Amino acid sequence: MPHDPVSTDLPLDLLASLADPASAATPFVDRHIGPSPDEQAKMLAALGYGSLEELADAAVPEGIRAVQGLDLEPVSEAAVLEELQDLAQQNVLTASMIGLGYFGTSTPPVVLRNVLENPGWYTAYTPYQPEISQGRLEALINFQTMIGDLTGLPTANASLLDEPTAVAEAVTAMRRGAKKAPPRIVLDSRLLPQTLAVVATRCEPTGVEIMVADLDADGLPDGGLAGLVLQYPGADGLLREKDFYAGLVEQVHERGGLVTMAADLLALALVTSPGELGADIAVGSAQRFGVPMGYGGPHAGYMVVSKGLERTLPGRLVGVSVDAEGNTAYRLALQTREQHIRREKATSNICTAQVLLAVMAGMYAVWHGPDGLRRLGLRVHRHATALAAGLRAGDVEVVHDTFFDTVTARVPGRADEVWQLAHDAGVSLRRVDADTVGISCDELTDAGHLRTVWTAFGISDVALAAASAPEDALPASLSRESRYLTHPVFSEHHSETAMLRYITRLADADYALDRGMIPLGSCTMKLNATTEMEPITWPRFASIHPFAGAADARGYAALIAQLEGWLAAVTGYDRVSVQPNAGSQGELAGLLAIRGYHRSRGDEKRDVCLIPSSAHGTNAASAVMAGMRVVVVKASEDGAVDLDDLQKQADAHAADLAAIMVTYPSTHGVYEEGITKIAEIVHAYGGQVYVDGANLNALVGVARIRELGDVSHLNLHKTFCIPHGGGGPGVGPVGVRAHLAPFLPTHPLHPDEARRDGVGPVSGAPYGSAGILPISWAYVRMMGGEGLTRATQVAVLAANYVAHRLTGHFPVLYTGQGGRVAHECILDLRPLTKATGVTVDDVAKRLIDYGFHAPTMSFPVPGTLMVEPTESEDLTELDRFCAAMIAIKGEIDRVAAGEWPPEDNPLVHAPHTAGCLTGPWEHPYDRETAAYPATAFPTAGSRTGKYWPPVRRIDGAYGDRNLFCSCPAPEDLS
């Protein structure tokens, strides 16, 4: 029988709800927040509270509590992807031939799918626990080896933020390394324009004199100097003869200075390395090695130094060491130079690296190998020489005869016309000035692009037919003869099967969020949702050049404006800039804004920055980089800022007080009640209040952030879900009150002309690492105001729940009002260490046997563990962690009771590998206790997913005494 027609006579509001395909789906906020409402109720009951709001009121001081909710409406996951697709469609994809350090590149699909899109790689933490980080450490040592081989210098770090900031770091290293030379740096006029601008921003506050010189026309300026920076090849494409570079290096060395070369890695596959030319330092970008342009980032900058300069390297350095059984193992080396040790004496505030992007670039080299890189380099160069030959055939003046990938053409009065014609045909060129056009080739350039360019220049087919065959445009004297990438890792994985297995083997060696909780205090290792991550690889986000015309990046402009607006709404600040591409850069940008504000009022004398003794070391380093003098403020016994000492220091520096830097909640994980008094005192003496946003995860929606201070940086890679990626990428936007807004970062190539002049840039691209901003945009859009607030409340709930469960076993060192912590808690192991000899390191390594990454060790207090469970871990995982910690306390008690000797117990020998269990066993505890602690593995079924560390405990001191930072020989791994 036929069915009767279905009636559509329904209320319109009901029809509207049925029309939404996501109306029946679980809201995203419930996917992001781990504990269910029932679990939250159980946790609250354990703490004695009836609601999240009641707990927040008990923990957050009344004077800073938010009085109204955040007015941001959430949307579904499906809707957010549709909105992002609409934004992406507003970006215009052209074949970019703009150059200037950013190039089209083809990410090997096996790397794209299995690294960039793999949570086993992008959710990992900085490898402070090397035993469970061997995969990414090996990938990073591949990167370091690649950099060292191509540049001809021995010691590379595990990446920096971008090329311009890498040059700025090299300037600092040269100043430090050339101790007897005056603080004067000469810059090649052919440096990338963004590099010149970033170096100027960084040098002006610290009193380093910089001089931009046309070295071809005028040679090296007279007088002493600490260093010279050369671009190799120049921004305009020029490659000089070998004697030119070598002669300059010799002159600088004779004057007691050092030489840095900013070198293109792909060019180095064909031309003489900086090391062979005598350079002391090489820097640059690994972007064109398989990392998308992403409207400016994130990309892995690199820095490599000659022998004797290793300790001037900023950031991370992966070294080779040995484990407890003498097997080769990797670790971060030379950690004593980090900011938390050197503080105001540090020469860099960089505390992380672009690890995920460095891994991609290293894998690109593994995939292509030395022969593949050379073929790619030759292909790029041949397209450039063919381009130049065609231009000459059409009577267009090609400015330089020797170049690698970039051709500069002079067309008097016609540059705008040529640019427009090429753009209309789908190719973006670089307008140098009204008379000059720059054209850069990359691995994506093809014959069709060249024909489009020739047509834009008005060159006819007749002229092209008569063109001479292109000649090699590399100076013969620079032809590379030395070998590179000779280690077997760069020749063994060229089939996709082999490459896939290699990437998977390394990922399997690591512990990341895809395996379990990473309860690191101050680091906020929470969910990085798949929906948030998906858009970053879409071509209309990933393949946009940072200096594309404003009309080509309207989607990015809209997304960035919305995100900056939302972050302003969340914090209460008047303006936000997303240019800083790391938290450290956000710190510097905020302090430069304060400095610019004081100077605009004629207060140049204000240069003292007060910093609490408990602050993260990057604070002190950033203050020095911003031209400020650091004065330390004492902490009281409860870990809070000592208000009496603050008053004393403010009074002593009444005439020269510039700022105070405070972290809130405090570095000790507590909502300090004196925060408003801190601001009151500093403002009374004419200073500004900088609030470090590292712990913003405990403030969003529950506190009036703006009222805490005048400026803050916000770690999008913590609170707003950009993943850590093994130690980067990050984004550190800076938010300010209106009076500081005129002093936010600017950029000489900013698409908005009003933002080109001013304080200057702190990052290489106008919007920093714009390519990953869709992650935070999606997070805020899907969570909405209520969701963001609930995330904060549950983060505070989880931390207090963990503190409550563990306080009888490990004292919680600091608490705030009502005995509550904020979003993290510090467990004091010092009494146990004193009684038993079991150290915080022993507990951290034993946690690996239980299936966990350790909390933060010995920061901010030596001998402690700082735990931050975040809002994303459910009650089962929280209880599993607490049970593991309680069981470990039981093991410590057995050592105290004499059942296990202090020198021979499962804690001091942790972690235990599968291999160590198969050999002779003479310990007073059995193999099962070593490998399968009963609390963590109560049943046979629970053992199937156990994570086995690939190495035993690593000898850090050995690695520092025997510094070796490139791929070890295969026989060393046997």
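Residues numbered from 1 in each chain as written. Predicted model: local features only at pLDDT ≥ 70, side-chain atom pairs only at ≥ 80, totals over all residues. Heavy atoms only, no water.

**Here we look at the overall build of the chain**
For the chain, the helix and strand inventory stands at 31 helices and 25 strands. Taken over C-alpha atoms, the radius of gyration comes to 29 Å for the chain, in line with the 30 Å a tight globule of 974 residues would show. Viewed in the frame of its principal axes, the chain has a C-alpha envelope of about 90 × 85 × 80 Å. Out of the 974 residues belonging to the chain, those deemed buried represent 63%. (Helix = DSSP H or I, 4+ residues; strand = E, 2+ residues; numbered from the N terminus. Rg over C-alpha atoms; globule rule 2.2 N^0.38 Å. Buried < 20%, exposed > 50% of the residue type's maximum accessible area, 1.4 Å probe, protein only.)

**Comments concerning the packing of aromatic side chains**
Counted under the stated rule, the structure contains 19 aromatic pairs. Ring centres of F852 and F881 lie 5.5 Å apart, and the angle between their planes is 75°; on these two criteria the pair is classed as edge-to-face. One end of the pair, F852, is in the loop between helix 28 (840-849) and strand 24 (856-857); the other, F881, is in helix 29 (residues 875-896), and 29 residues separate them in sequence. F881 shares its class with F852; the two are buried. Chaining the aromatic ring pairs together yields one cluster made of Y295, W538, F541, Y556 and Y767. In this structure, R288 is placed above the aromatic ring of F103, and the distance from its NZ or CZ to the ring centre is 3.7 Å. One residue, K946, lies across the ring of Y932, its end atom 5.9 Å from the ring centre. (Phe/Tyr/Trp six-rings, centres within 6.5 Å; stacked < 30°, edge-to-face > 60°. Lys NZ or Arg CZ within 6 Å of the ring centre and 35° of its normal.)

**Describing the environment of A582**
With respect to the helices and strands, A582 occurs in the loop between strand 16 (575-577) and helix 22 (583-600). The buried category is assigned to A582, whose relative accessible area is 3%. Between the C-alpha atoms of A582 and I611, which are 29 residues apart in sequence, the distance is 20 Å. Aside from chain neighbours lying at most four places away, what touches A582 is L161, G730, V731 and G732. (Contact = heavy atoms within 4.5 Å.)

**Concerning empty space enclosed by the protein**
In total, this model carries 9 cavities of 30 Å³ or more according to the counting rule given. Taken as a whole, the largest cavity encloses approximately 240 Å³ of empty space. Around the largest cavity, the lining is made up of 21 residues, and of these G101, F103, L192, Q231 and D264 lie nearest the centre. Per-class residue counts for the lining of the largest cavity are 8 nonpolar, 9 polar and 4 charged. Roughly 180 Å³ of internal volume is contained in the second largest cavity. Around the second largest cavity, the lining is made up of 19 residues, and of these L116, P298, L357, I536 and I772 lie nearest the centre. Sorting elements by how many residues they give to the lining of the second largest cavity places helix 14 (residues 355-393) first, with 3 residues. Tallied by class, the residues present in the lining of the second largest cavity amount to 15 nonpolar, 4 polar and no charged. (1 Å grid on protein atoms, 1.4 Å probe; cavity = no way out; pocket = protein on both sides within 12 Å on 5 of 7 lines; lining within 4 Å. Points joined across faces, edges and corners; volume = space filled by probe spheres on them. Nonpolar A, V, L, I, M, F, W, Y, C, P; charged D, E, K, R; others polar.)

**Looking at unusual backbone geometry**
The linkage connecting G297 with the following residue, P298, adopts the cis geometry, with an omega of 10°. For P298, the location among the structural elements is in the loop between strand 7 (281-285) and strand 8 (301-305). With phi around 50°, L485 is a residue other than glycine that occupies positive phi space. On the secondary structure map, L485 appears in the loop between helix 17 (461-465) and helix 18 (496-508). Overall, L485 belongs to the buried group, its relative accessible area being 2%.

**Concerning the nonpolar core**
Within the largest apolar cluster, 256 residues are counted, with the highest numbers of intra-cluster contacts made by M146, L391 and F457. Apart from residues no more than four positions distant in its own chain, F457 is found in contact with L391, V396, A409, V411, R414, V418, L429, V437 and I439. (Core = buried A, V, L, I, M, F, W, Y, C linked by side-chain atoms within 4.5 Å.)

**Describing the environment of A166**
Mapped onto the elements of the fold, A166 is located in helix 9 (residues 163-177). In the structure, A166 is positioned 163 residues away from A329 in sequence and 28 Å away in space, judged by C-alpha atoms. In this view, A166 contacts L160, V283, G284, Y302 and M303; residues no more than four positions away in its chain are not counted.

**Regarding helix 23 (residues 617-625)**
Across the 9 residues that make up helix 23, a large majority, 8, are buried. Residues of helix 23 that are buried include every one of G617, T618, N619, A620, A621, S622, A623 and M625, and no others.

**Points about the packing of helix 6 (residues 109-116) against helix 14**
Where helix 6 contacts helix 14, the axes come no closer than 10 Å and their chain directions differ by 150°. In this view, helix 6 runs roughly antiparallel relative to helix 14, as classed from their interaxial angle. The interaxial crossing formed by helix 6 with helix 14 has right-handed handedness. Facing helix 6, whose interface residues are V110, V111, V115 and L116, helix 14 presents L356, V359, M360, M363 and W367. Each residue belonging to the contact of helix 6 with helix 14 can be placed in one class, and the counts come to 9 nonpolar, no polar and no charged. (Axes fitted to C-alpha atoms, helices over the stretch in contact; angles between N-to-C directions. Parallel < 35°, antiparallel > 145°, perpendicular 65-115°, else oblique. Left-handed = near helix turned anticlockwise from the far one by under 90°.)

**Thoughts on the confidence of the model for the chain**
Mean pLDDT for the chain: 93, with 96% of residues reaching 70 or above. Between residues 1-8, whose pLDDT stays under 50, and residues either more than four places distant or in other chains, the model counts 1 contact. (pLDDT = per-residue confidence, 0-100.)

**Topic: the state of the cysteines**
In a disulfide, the sulfur atoms of two cysteines are covalently bonded to one another. In the structure shown here, the tally under the stated rule is 0 disulfides. Here C825 stays free of any disulfide, with the sulfur of C882 as its closest cysteine sulfur at 8.5 Å. Classification of C825 as buried rests on a relative accessible area of 1%. (Disulfide = S-S within 2.5 Å.)

**Things to note about the pattern of salt bridges**
Within this structure, the stated rule accounts for 41 salt bridges. Two residues, R240 and D188, come together in a salt bridge whose shortest N-O distance is 3.1 Å. Of this pair, R240 sits in the loop between strand 5 (227-232) and helix 12 (242-254) while D188 sits in strand 3 (residues 184-188); the two residues are 52 residues apart in sequence, bridging distant segments of the chain. Neither residue differs from the other here; R240 and D188 are each classed as buried. Ionic pairing is found between R894 and E899, a salt bridge with its closest N-O pair at 2.3 Å. When salt bridges with common partners are traced through the structure, they connect D188, R190, D216, D236 and R240 into a single cluster. (Salt bridge = Lys/Arg side-chain N within 4 Å of Asp/Glu carboxyl O.)

**Topic: the pairing of strand 19 (residues 657-663)**
Of all 7 residues that make up strand 19, 7 are buried, and the element is covered over most of its length. Sheet analysis places strand 17 (residues 608-612) next to strand 19, joined by 3 bridges and oriented parallel. Looking at the pairing, L610 lines up with I660 of strand 19. Bridging between strand 19 and strand 20 (residues 688-693) involves 5 bridges; their strand directions are parallel. Bridge pairing in strand 20 links V662 to V691. (Pairing = 2+ DSSP bridges.)

**A short note on the sheet that holds strand 21 (residues 711-714)**
Overall, mixed pairing links the 7 strands, which are arranged 16-22-21-20-19-17-18 in an open sheet. Whereas interior strands pair on both sides, the edge strands pair on one side only; in this sheet they are strand 16 and strand 18 (629-633). Neighbouring strand axes in the sheet, compared pairwise and without regard to direction, differ in orientation by 25° on average. Along the sheet, helix 21 (residues 554-571) makes contact with strand 16 and strand 21, crossing strand 16 at roughly 130°.

**Some points on the sheet that holds strand 4 (residues 209-213)**
Read from one edge to the other, the open sheet built from 7 strands follows the order 2-8-7-6-5-3-4, with strand pairing classed as mixed. The sheet is open, and its two borders are formed by strand 2 (155-156) and strand 4, each paired with just one other strand. In the sheet, strand 2 pairs with strand 8 via 2 bridges, with the strands oriented antiparallel. Of the residues in strand 8, the one forming a bridge with T155 is V305. In this fold helix 8 (residues 134-151) packs onto strand 2, strand 7 and strand 8, with an angle of close to 60° to the strand it touches most, strand 8. Helix-sheet contacts for helix 12 involve strand 5 and strand 6 (258-263), and the interaxial angle to strand 6 is about 145°.

**Concerning the side chain of Q354**
Mapped onto the elements of the fold, Q354 is located in the loop between helix 13 (339-342) and helix 14. Setting aside chain neighbours within four positions, we find Q354 in contact with S159, L160, L161, P298, H299, A300, N581, G727, G728, P729, G730 and S769.

**Looking at helix 21**
Here helix 21 spans 26 Å end to end across 18 residues, near enough to the 26 Å set by a 1.5 Å rise per residue. Among the structural elements, helix 5 (77-89), helix 20 (539-542), strand 16, strand 21 and helix 26 (773-806) are those in contact with the buried residues of helix 21. (Expected span 1.5 Å × (residues − 1).)

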